[in-house]
Amino acid sequence: MRNETFYVTTPIYYPSGDPHIGHSYCTVAADVVARYKRLRGFDVMFLTGTDEHGQKIETLAKEKNIDPKTFVDEMSLKFKKLWQTFCITNDRFIRTTNKFHKKAVQKIFLKLYEKGDIYKGKYKGWYCVPCESFFIESQLVNKKCPDCLRSVNWAQEEAYFFKLSSYSKKLISFYNENPNFICPQSRKNEMMSFIKDGLQDVCVSRSSFSWGVKVPFDDKHVIYVWFDALVNYITALGYESGNNSDFKKFWPADVHFVGKEIVRFHAIIWPAILMALNLSIPKVVYGHGWWLSDNSSKMSKSKGNVVDPVLLCNDYGVDAVRYFLLKEVPFGSDGVFSFKLFLKRFNSDLANDLGNLFHRCSAMVEKYFPNGLLDEQEPLKHDDSLKNFAKSTSTLVEKNLDSFQFSFALSNIWELISSCNRYIEDEKPWDLAKDQKKHPRLASVLYNLFECLRIISIMLSAFMPKSAMTIRKQMLLDDKPIIWEDSKNWGLLFKKFSIAKGNALFPRIEHKNKQVFSNL
Ligand code: ME8
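What you see is a predicted model; the values in this text were computed from it and never measured.

**Student:** Explain the site of the ligand to me, using residue names and the numbers behind them.
**Tutor:** Taken together, 25 residues surround the ligand, and among them I12, D51, E261, H288 and W291 come closest. Taking Y14, its main chain carries an N or O atom lying 2.9 Å from an oxygen atom of the ligand. Protein chains shield 95% of the accessible area of the ligand, which is 670 Å² for the free molecule. At the level of elements, β1 (5–13), α1 (21–39), α7 (225–230) and α8 (232–235) are the ones that each hand at least two residues to the shell around the ligand. When the residues that make up the shell around the ligand are grouped by side-chain class, the tally is 13 nonpolar, eight polar and four charged.

Following this line, the structure appears as structure tokens:
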């Protein structure tokens, strides 16, 4: 067992509306990495949570005539429940309204104020409420917010600023010394040009609303929601919030997964805050792409074009949704979420390739060897190509998962699945079955196929935990721990291997579900 640690995070989501498939995307990606790293012996910390302060939440609660805390209690629970539905294995769930977090935010703010990295000044500029962001005139696009293209309000007030401008050079040298810090590469180029245009100091307090963490020495002001949010990655580990042994153990984070629209906060403001605190910088900020609806606009709560992940999981199973999200587009690119595409992937990859392979193999063992495979088997030289390919697949998957290339890792697994299906076509086990003398060969063919399925179940378990368990249960392996290294070894199944009866893994979808995809 190795002692290496691995710390993976998702953004903490705004609980301003029901979670949608876009939120599930990032959390599922982080879950796959967390599961995979655990299988490889890492001591993993996986953090997610909700970002509960700010004007947007305050206004929404007011509209509903409830206090903001009651509102976020209810909404945050929806995220927690969704992560249960999605089989998410987060170790912690932070809420920015947690007492320990609020205290730590104040301590951090005070520390930076005392150091001179936060100072009091006057703010004049444009504010976008949905994005909780400030802009100067030149940053606006057609007088609208450059991020979401909605209207902005003029704001002028006394406020506290973080001296971001003094970190430009340090950030650029950090990027140069750590070329993999911002992924994918295209996002790094965006950040570089952003910095080269000149960084403004960031306004880190507001006084026009009260739903936030109070500036500890000036309670007319609340701390800017993004400052409050970014530091969650360290307060959740106990930094300035009690026992900091986890902070010592897990910081810096190995990867922050975030959507591409908030890379700027994570790759510029966050490292600068950490530099000001004399803390290490995370190893990777990975900006993934967006799910678009069929008409190519970003899926978002405010546009009302979101896909409800709960309905989708109820109808097609959690694993199918996890699979689609990570297979359909390379991590980093945008993708379209439509029923047509979901259906196509489901039927071709899950029902036909994987489902059929497992079903055909299981049915043959049940039919030809109800009491288990023959002891006496007849392996042939040419079986080695399938065997060697199976043994080498997990090394390819590792390479892709270590660089967060989920879709390619799944393609590696699916190449093995296709090789198994081709092997069946080539070996024609149904012909071997007709001749009693060929039964040792038939047993060998089926043994090889189930060895591949055993290996597949290990690699799949990070992506599709339920299906991997179903496969292992039918193979009577469910009481054995899943060990990643076993995916590199051949011959671990009993020679007299037998199978338990089970249902189809992924029955084909023939109908169109209007409810889930009504907007698409
Ligand atoms: O930005 N496609 O929270 P948020 C893909 N609280 N991913 C999507 C998506 C889509 N259509 N829509 C949302 C915030 N996401 C801040 C974060 S972190 C210190 C503070 C995912 O609720 C994506 O990962 O707006 C995006 O970055 C995140 O949800 C934003 O969630």
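From this point, things continue past the structure.
**Student:** So what's going on with the packing of aromatic side chains? Which residues, and what values?
**Tutor:** If you walk through the whole model with that rule in mind, you get 49 aromatic pairs. Centroid distance Y127 to F134: 4.6 Å. Interplanar angle 50 degrees. Geometry classified as tilted. Overall, Y127 belongs to the buried group, its relative accessible area being 1%. Looking at F134, the relative accessible area reads 14%, which means it is buried.

**Student:** Tell me what's going on with the packing of α1 against helix α12 (residues 318–327), and back it up with residues and numbers.
**Tutor:** Contact geometry for α1 and α12: axes closest at 10 Å, N-to-C directions at 90 degrees. The angle between α1 and α12 places the two elements in the roughly perpendicular class. On α12, the residues touching I21, S24, Y25, V28, A29, D31, V32 and R35 of α1 are V321, R322, L325 and L326.

**Student:** I'd like a description of a positive patch on the surface, backed by residues and values.
**Tutor:** There is a patch of like positive charges on the surface, built from K99, K102, K103 and K107. Relative to the helices and strands, K102 is located in helix α4 (residues 99–115).

**Student:** Which residues make up the sheet that holds β1, and what values do they have?
**Tutor:** Read from one edge of the open sheet, six strands run β3-β2-β1-β11-β12-β7, paired in parallel fashion. Only two strands of the sheet have a single partner each, and these edge strands are β3 (92–95) and β7 (182–183). Two strands pair when backbone bridges link them, and β1 and strand β2 (residues 43–50) are joined in this way by seven bridges, in the parallel orientation. In the strand pairing of β2, T5 is matched with D43.

**Student:** Let's hear about the pattern of salt bridges: which residues, and what values?
**Tutor:** Inspection of the entire model under this criterion finds 33 salt bridges. Here D31 makes a salt bridge to R322, at a shortest N to O gap of 2.8 Å. Taken as a pair, D31 in helix α1 and R322 in helix α12 lie far apart in primary sequence, 291 residues in all. Between R441 and D383 there is a salt bridge whose closest N-O contact spans 2.8 Å.

**Student:** So, the sheet that holds strand β8 (residues 202–203): which residues are in play, and what are the values?
**Tutor:** Spatially, four strands are ordered β5-β4-β6-β8 in an open sheet, and the strand pairing comes out antiparallel. Each edge of the open sheet carries a strand with a single partner, namely β5 (133–135) and β8. The pairing of strand β6 (residues 153–162) with β8 spans two bridges and is classified as antiparallel. By the bridge assignment, F161 is partnered in β8 with C203.

Conventions and cut-offs
Residues numbered from 1 in each chain as written. Predicted model: local features only at pLDDT ≥ 70, side-chain atom pairs only at ≥ 80, totals over all residues. Heavy atoms only, no water. Near = heavy atom within 4 Å. Polar contact = N/O pair within 3.5 Å; in protein donor to acceptor, adjacent residues only side chain to side chain. Areas by Shrake-Rupley, 256 points an atom, 1.4 Å probe, with all protein chains shown as cover. Helix = DSSP H or I, 4+ residues; strand = E, 2+ residues; numbered from the N terminus. Nonpolar A, V, L, I, M, F, W, Y, C, P; charged D, E, K, R; others polar. Phe/Tyr/Trp six-rings, centres within 6.5 Å; stacked < 30°, edge-to-face > 60°. Buried < 20%, exposed > 50% of the residue type's maximum accessible area, 1.4 Å probe, protein only. Axes fitted to C-alpha atoms, helices over the stretch in contact; angles between N-to-C directions. Parallel < 35°, antiparallel > 145°, perpendicular 65-115°, else oblique. Contact = heavy atoms within 4.5 Å. Patch = residues over 30% accessible without salt bridge, like charges linked within 9 Å, V, L, I, M, F, W, Y side chains within 5 Å. Salt bridge = Lys/Arg side-chain N within 4 Å of Asp/Glu carboxyl O. Lys, Arg positive; Asp, Glu negative; His and termini not counted. Charge placed at Lys NZ, Arg CZ, Asp CG, Glu CD. Pairing = 2+ DSSP bridges.

Everything listed here is a matter of coordinates, which is why it stays silent on function.
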